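So you can see what is in the structure, the chains are spelled out below.
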Amino acid sequence: MLKEKISGFIDEIRSINGVEGCALVSKDGIMIGKYFTKEISDKWFAAMSASVLASAESAASIINIRPPIQVVIHAKEGKIMITDAGERLLITTILNPTMDESIIAHDVNQIAARIEGEL
C-alpha cells in the first residue's frame, strides 16, 4: 500500500507541466521514489537534495526567520526545486529552464501538503 501511494505521488508530480524529473526523498537523504529520464546516482542526488534543504534551514535559523518551504537552484541547463513535504520528507523536482517555477511551485506545494498528511 505504501509503495502504491509513493508511486501515485511521483506520477502526480511528474505530470505537472514543466517537470522533467522528480524524487521523493527522506530528510536524511534516502531516495523513497523517483522518476528521471536520465541515469543518475540516486544515493548522491538524494543526499545532496536533503543537504541543500537542511543548509537553507540552518541559514534561515541564523537570521531568525522561519525555515524555507522551498529552495530553487537556477542553472543554465535547468532548475532544481526542493520542497519541504513535512517532518520526514521532501520533494525534489527538475524543471524545464524556460518554465516559470512559481506556477510549478503552486502545484508541488499542494502535493507536498498531501504527502505531509498521508505519509
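Procedures and definitions
Residues numbered from 1 in each chain as written. Predicted model: local features only at pLDDT ≥ 70, side-chain atom pairs only at ≥ 80, totals over all residues. Heavy atoms only, no water. Helix = DSSP H or I, 4+ residues; strand = E, 2+ residues; numbered from the N terminus. Rg over C-alpha atoms; globule rule 2.2 N^0.38 Å. Buried < 20%, exposed > 50% of the residue type's maximum accessible area, 1.4 Å probe, protein only. Pairing = 2+ DSSP bridges. Axes fitted to C-alpha atoms, helices over the stretch in contact; angles between N-to-C directions. Contact = heavy atoms within 4.5 Å. Patch = residues over 30% accessible without salt bridge, like charges linked within 9 Å, V, L, I, M, F, W, Y side chains within 5 Å. Areas by Shrake-Rupley, 256 points an atom, 1.4 Å probe, with all protein chains shown as cover. Salt bridge = Lys/Arg side-chain N within 4 Å of Asp/Glu carboxyl O. 1 Å grid on protein atoms, 1.4 Å probe; cavity = no way out; pocket = protein on both sides within 12 Å on 5 of 7 lines; lining within 4 Å. Points joined across faces, edges and corners; volume = space filled by probe spheres on them. Nonpolar A, V, L, I, M, F, W, Y, C, P; charged D, E, K, R; others polar.

**Q** Whenever I open this one, the overall build of the chain confuses me. Can you help?
**A** On a plain count of helices and strands, the chain comes out with three helices and five strands. Along the chain, from the amino end to the carboxyl end, the secondary structure elements read α-β-β-α-β-β-β-α. Compactness check: the chain gives a C-alpha radius of gyration of 13 Å against a globular reference of 14 Å for 119 residues, within 12% of the reference. Principal-axis analysis of the C-alpha atoms gives the chain an extent of 40 × 35 × 25 Å. The burial tally for the chain puts 37% of its 119 residues in the buried class.

**Q** Is there a simple way to explain the sheet that holds strand E2 (residues 31-35) in this structure?
**A** Note: strands within a sheet are paired through backbone hydrogen bonds, in either parallel or antiparallel orientation. The five strands lie next to each other as E2-E1-E5-E4-E3, forming an open sheet whose pairing is antiparallel. Taken across any chain shown, the strands that pair with only one partner, and hence form the sheet edges, are E2 and strand E3 (70-75). For this sheet the average axis-to-axis angle between neighbouring strands, irrespective of direction, equals 15°. Across six bridges, the pairing between strand E4 (residues 78-84) and strand E5 (residues 89-95) is antiparallel. Across the sheet, the residue bridging to Ile82 is Thr92, located in E5. Against the sheet, helix H2 (residues 42-62) touches strand E1 (19-26), E2, E3, E4 and E5, its axis set at about 110° to E5.

**Q** What's the story with a nonpolar patch on the surface in this structure? I'm lost.
**A** A surface patch of nonpolar side chains, about 340 Å² in accessible area, is lined by Ile62, Ile63 and Ile65. By the secondary structure assignment, Ile62 is in helix H2. Overall, the relative accessible area of 67% leaves Ile62 in the exposed class.

**Q** Explain the layout of surface pockets to me, please; I cannot follow it from the model alone.
**A** One water molecule sets the probe size; rolling that probe over the atoms shows where empty space is left. The volume enclosed by the largest pocket comes to roughly 320 Å³. If you go around the largest pocket, you meet 15 residues; those closest to its centre are Glu20, Phe36, Lys38, Ile40 and Ile94. Those elements that provide at least two residues to the lining of the largest pocket are E1, E3 and E4. Residue composition of the lining of the largest pocket, by class: seven nonpolar, four polar and four charged.

Any functional reading would require information that these geometric values do not contain.
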